[in-house]
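Residue strings, one per chain:
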Amino acid sequence: MRDLTRDFRVRNGPKVRRVTAVDHMTWSVTRGEAVGYIGANGAGKSTTIKMLAGILVPTGGEVLTCGLRPVQDRRRLARRIGVVFGQRSQLWWDLPVRESFGILAAIHSLPRDEERARTAELVGMLDMGSYLATPVRQLSLGQRMRAEVAAALLHRPELLILDEPTIGLDVLSKQRLREFLIRERREHGTTLLLTTHDMGDVERLCDRILVVDHGTLAYDGTLDGLSRTVGAERVLVVDLAEPCPDLTVPGARHLASEGDGLRQHLAFDPGTTTAARVLASVAEHAEVLDLTIAEPDIEDVVRRIYERGAGSPGN
Ligand SMILES: Nc1ncnc2c1ncn2[C@@H]1O[C@H](COP(=O)(O)OP(=O)(O)OP(=O)(O)O)[C@@H](O)[C@H]1O
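Residues numbered from 1 in each chain as written. Predicted model: local features only at pLDDT ≥ 70, side-chain atom pairs only at ≥ 80, totals over all residues.

- The name an unreviewed UniProt entry assigns to the protein is ATP-binding cassette domain-containing protein, from the organism Myceligenerans crystallogenes.
- UniProt, in its Subcellular location (unreviewed entry) section for the protein, records the words "Cell membrane". (UniProt positions renumbered as here; feature names shortened; annotations may be inferred.)

1. A few points about the sheet that holds strand β9 (residues 216-221)
By definition, the strands of a sheet pair up through backbone hydrogen bonds, in either a parallel or an antiparallel sense.
Then, number 1: Pairing in this open sheet of six strands is mixed, and the strands run β5-β6-β7-β3-β8-β9 from one edge to the other. Here the strands that pair on one side only, and so sit at the sheet edges, are β5 (81-85) and β9. Strand-to-strand twist in this sheet, taken as the mean axis angle between neighbours without regard to direction, amounts to 15 degrees.
Then, number 2: Of the strand pairs in this sheet, strand β6 (residues 159-163) and strand β7 (residues 191-195) are connected by five bridges, and their pairing is parallel. Within β7, the residue paired with Ile 161 across the bridge is Leu 193. (Pairing = 2+ DSSP bridges. Helix = DSSP H or I, 4+ residues; strand = E, 2+ residues; numbered from the N terminus. Axes fitted to C-alpha atoms, helices over the stretch in contact; angles between N-to-C directions.)

2. With respect to the domain arrangement of the protein
Then, number 1: One can read the domain layout of the protein as domain 1 (2-227) and domain 2 (233-295).
Then, number 2: Distance from the C-alpha centre of domain 1 to the C-alpha centre of domain 2: 38 Å. (Domains from an automatic or database assignment.)

Right, dumping it as structure tokens:
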């Protein structure tokens, strides 16, 4: 995209205000990349994605998706991309999952044997066998999201766009979906572009991150680079069997102690060490009864990027 822009006119009583959701944005994604598109609420993520998918017409600039003009070439583009909007469904609510897949395969004119093979592959990989005959409206959120992702991938698109794919999922469902996406990408070379508020998605799935702030690009680089830039630390909290002085652990920073050191908070950079290593070092000093690990919050990372002064994308 080059100088891609989208304005909205928002009516507030008699007044009409112009909101620039995407403001002269310029970036590109190379085939095979996995890109996390992150930003605060209202930063412009969904608007960008809708323009990439041809759902929304830009008010300025240019955009090509898989080399096609998304709005004008929407039908041809539909054969080349898959889109999942976590909040919206592309499945038929009252029909069994299997029938939704059948309809989508017909829409994409998939030959019968290809449809069968691909459906079987996706059903196996996403473990959907037990609910293929269930109407979509009766599925749990985790089951439905797996079905949504399968529906978007049925025609083997080269680009998969995911808007908040793991929102509302429990830890296990998130993990399963991420593992599937990693495998799909490895086996088929699918390009991934996803928006998320979940740092785990970014960490496990993306090799590049774009941060958007008020419709402009505030960061473009790797997760390691992002950690270095804003210090996206994790915090290990340990409960110890005995009161203990403040711990000094290689690769970690002591943040706080509670109850005479019975509980201690240690920050570490996941780019340079692991929770297991930090824990092993703690265990050399004291007996650990319990532990929790706090993920860096994406909102926090984004806030720090914004504070650092947007407008200078870099690694
Ligand atoms: N159809 C619309 N009409 C008017 N304003 C809109 C419309 N769609 C989006 N906006 C505005 O554009 C801005 C960007 O919205 P967008 O949905 O792209 O943000 P987002 O980054 O996806 O946010 P979230 O994380 O909350 O989904 C917001 O100020 C929003 O209110």
